[in-house]
Amino acid sequence: MDIIFGRNKKEQLEPLRARVTGRIPAWLQGTLLRNGPGMHTVGETRYNHRFDGLALLHSFTIRDGEIYYRSKYLRSDTYNANIEANRIVVSEFGTMAYPDPCKNIFSKAFSYLSHTIPDFTDNCLINIMKCGEDFYATTETNYIRKINPQTLETLEKVDYRKHVAVNLATSHPHYDDAGNVLNIGTSIVDKGKTKYVIFKIPATVSGGGKKGLSPLKRMEVFCSIASRSLLSPSYYYSFGVTESYIVFLEQPFKMDILKMATAYLRGMSWASCLAFHREDKTYIHIIDQRTRKPVLTKFYTDPMVVFHHVNAYEEDGCLLFDVIAYEDSSLYQLFYLANLDKDFEENSRLTSVPALKRFAVPLHMDKNAEAGSNLIKLSSTTARALKEKEDQVYCQPELLYEGLELPRINYTHNGKQYRYVFAAEVQWSPILTKILIIKYDILTKSSLKWGEVHCWPVEPVFVPTPGAKDEDHRIILSAIVSTDPQKLPFLLVLDAKSFTELARASVDVEMHLDLHGLFIPGADWDAGKQASSREERDRAAERHVAPRT
Ligand SMILES: CC1=C(/C=C/C(C)=C/C=C/C(C)=C/C=O)C(C)(C)CCC1
Ligand SMILES: [Fe+2]
């Protein structure tokens, strides 16, 4: 398992041409840009958790049937401080670090105090977000890092708190058809209140091409929801949107703010401040985008832990939303590197497997419906919503498929009716034995799979052809890491309809097992040369030099 999780990966700064077998469709031009942890030790120190490692950006640029690979560590303040000190000096999700152990007791006490309100890490290792013309590496703290998607260079550090009052924000934002970004964050004990804040970043700002007019400056609060508890807000990792609503799950997987405030003193990690409360409920908040207010009915379901929302949409007066649900928070436990190292097979026994579940909530309450009656009359799902009181509904999901994670869809169907989920299928029997890529058809409840011995696929990314009518038209891209030292990692190109392999592009590097990313369509990048970032273009424009595109 060390090959996959443990070893630090080297950067590939110069674009490296991949060896392509099969045929890359001529129309497929652009860059698959991805992010994930690549460095798990610094000097003699070691991170504890898979979600701690230093962010390593990598990209596959596809151009005229050829593929170029490159990778570069995100030069976050965290990365720079660690490398300079030659040890881990910034705390991450599962690792509490101490900046300066040599100082005397008084300065130690001082630095403890200054950590009471923690300044979180800017090691943005989870995902990539597009804001207007700009790209950012993201994590779950208040920091994001702008990057150059071509050269993978790290640009400015952005603190969400300068624009909206959030201490944490998800790394899984949504985009509307115009490219505006919608995200949700938590504002912790601000003016005596803890709330979940939904905020919007516009895709364009008039005069946005000029320096200083970043869309982030026009970020605005869309709506906020009071947390049920001031000092133990829910932890959440993503949310869902439909054309008119937003779905937010306030789940019983909670952060203990008092524990977080004293974690540094106690030498405990942030992860140890999260706890699953199995005696509690999961509250389903439905926000009407037109009124910017939550609907009044109180929907709830059994305790569960959801990391990834898959999609949501409206059908005949109901809102359907699909999530990957767990019965507890054992997933985070699984990814402690000590567990992964020792005996992965022994420790990969999850106490709950990820399950694709469909929930349905009625958007209009039938006042005459009797208590106990099912308010969902759709023929498309067996999910139920049982009326309990006038304004209280208990939801029971439909189980669609067991053993799915890292779901992606054809994003042009986001918020709309859809049929296909592309994901990684994890097979447990009873330990993790295999990971495949799967296309799950919600309509027929059937699936197609791709897998190969020694291959560890990551999240499959769907790339549509412009103007395609079929939801599964056209390509799946997935970076595949192999546990066989003889087999190079490769970018897999699948036909999304038939799930057959069209091509693979092997690269002679040690590739990291990443987390998330996106595809940037376009043929206008020269993979072999360093291309200019927006700032560079702006500078060029100021000098009255025609900017490169
Ligand atoms: C640093 C930090 C956090 C980081 C969490 C991370 C990095 C989570 C990654 C989760 C992933 C990758 C899940 C995949 O399913 C918290 C807990 C928000 C709290 C404050 C500080
Ligand atoms: Fe994720």
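As the structure is a prediction and not an experimental result, all values here were calculated from the model. (Residues numbered from 1 in each chain as written. Chains lettered and ligands numbered in written order. Predicted model: local features only at pLDDT ≥ 70, side-chain atom pairs only at ≥ 80, totals over all residues. Heavy atoms only, no water.)

A. Up close: the coordination of the iron ion (ligand 2). Around the iron ion (ligand 2), the donor atoms from the protein are His172 (NE2), Tyr237 (OH), His308 (NE2) and His516 (NE2), and they sit 2.0 to 2.2 Å away. Coordination geometry of the iron ion (ligand 2): the four donor atoms subtend angles of 94 to 132 degrees at the metal centre, consistent with an arrangement described as tetrahedral. All donors of the iron ion (ligand 2) come from a single chain, and their spacing in sequence reads H-x64-Y-x70-H-x207-H. Here histidine 516 lies in strand S40 (residues 516-521) and histidine 308 lies in strand S25 (residues 305-315), a separation of 208 residues in the sequence. (Donors = N, O, S within 2.8 Å, 3.2 Å for Na, K, Ca; no water. Tetrahedral: all angles 85-135°; square planar, octahedral: opposite > 155°, others 65-115°. Helix = DSSP H or I, 4+ residues; strand = E, 2+ residues; numbered from the N terminus.)

B. Quick look at the UniProt feature "binding site: Fe cation" (unreviewed entry) in the chain. Here the UniProt-annotated "binding site: Fe cation" (unreviewed entry) positions come out as His172, His308 and His516. Across 345 residues, the annotated set stays spatially compact, with a maximum C-alpha separation of 11.7 Å. Within the element layout of this structure, histidine 172 appears in the loop between strand S13 (168-169) and strand S14 (174-175). A residue is classified by how much of its surface remains accessible, and histidine 172, at 14% relative accessible area, is buried. Look at histidine 308 and you get buried, because its relative accessible area is 8%. Those residues in contact with histidine 308 that lie beyond four places of it in its chain are His172, Tyr237, Ser238, Val323, Ile324, Glu405, Leu406, Pro407 and His516. (UniProt positions renumbered as here; feature names shortened; annotations may be inferred. Buried < 20%, exposed > 50% of the residue type's maximum accessible area, 1.4 Å probe, protein only. Contact = heavy atoms within 4.5 Å.)

C. Molecular detail of helix H4 (residues 257-266). Restricting attention to buried positions, one finds in H4 the residues Ile257, Met260, Ala263 and Tyr264. Buried residues in H4, looked at end-on, bunch into an arc of 85 degrees, giving them a common side. Away from its buried face, by an angle of more than 90 degrees, H4 presents the exposed residues Leu258 and Leu265. Looking at the residues trailing H4, positive phi occurs at glycine 267, about 70 degrees. (Arc of directions from axis to C-beta.)

D. Here's a closer look at the pattern of salt bridges. Enumeration over the complete set of coordinates arrives at 32 salt bridges. Close ionic contact of aspartate 122 with arginine 145 constitutes a salt bridge, the shortest N to O distance being 2.9 Å. With aspartate 122 in the loop between helix H3 (105-114) and strand S9 (127-131) and arginine 145 in strand S11 (residues 143-147), this residue pair connects regions lying 23 residues apart in the sequence. Judged by its relative accessible area of 2%, aspartate 122 is buried. Where arginine 292 meets glutamate 220, a salt bridge forms, and the shortest distance between an N and an O atom there is 3.5 Å. One end of the pair, arginine 292, is in the loop between strand S22 (282-288) and strand S23 (293-294); the other, glutamate 220, is in strand S17 (residues 220-226), with 72 residues separating them in the sequence. (Salt bridge = Lys/Arg side-chain N within 4 Å of Asp/Glu carboxyl O.)

E. View of the site of ligand 1. Contacts to ligand 1 come from 16 residues, most closely from Phe51, Glu140, Tyr237, Trp270 and Tyr332. With the chains in place, 97% of the 550 Å² that ligand 1 exposes on its own is no longer accessible. Looking at the shell around ligand 1 residue by residue, the classes come out as eleven nonpolar, four polar and one charged. (Near = heavy atom within 4 Å. Areas by Shrake-Rupley, 256 points an atom, 1.4 Å probe, with all protein chains shown as cover. Nonpolar A, V, L, I, M, F, W, Y, C, P; charged D, E, K, R; others polar.)

F. Representation of the pairing of strand S26 (residues 318-326). Taking burial as the measure, the nine residues of S26 include nine buried ones, the bulk of the element. Bridge count for S25 against S26 is eight bridges, and the pairing is antiparallel. Following the sheet pairing, glutamate 314 is matched in S26 by leucine 319. A loop of two residues connects S25 with S26, the two strands running antiparallel in sequence, and aspartate 316 in this loop sits at a positive phi of about 45 degrees. (Pairing = 2+ DSSP bridges.)

G. Molecular detail of the sheet that holds strand S12 (residues 154-159). Pairing is antiparallel across the open sheet formed by four strands, whose spatial order is S9-S10-S11-S12. Edge positions in the sheet fall to S9 and S12, since each has one partner strand and no second. The sheet shows a mean angle of 35 degrees between the axes of neighbouring strands, taken without regard to direction. Pairing geometry for S9 and strand S10 (residues 134-138), over five bridges, is antiparallel. In the strand pairing of S10, methionine 129 is matched with tyrosine 136. (Axes fitted to C-alpha atoms, helices over the stretch in contact; angles between N-to-C directions.)

H. Region of interest: the nonpolar core. Formed by 83 residues in total, the largest nonpolar core has its most connected members in Ile284, Ile286, Phe307, Phe321, Tyr332 and Leu356. In contact with isoleucine 286, not counting residues within four places along its chain, are Tyr245, Ile246, Val247, Lys293, Pro294, Val295, Phe299, Leu319, Val361 and Leu363. Membership of the second largest hydrophobic core comes to 29 residues, among which are Phe60, Tyr69, Ile475 and Ala503. (Core = buried A, V, L, I, M, F, W, Y, C linked by side-chain atoms within 4.5 Å.)

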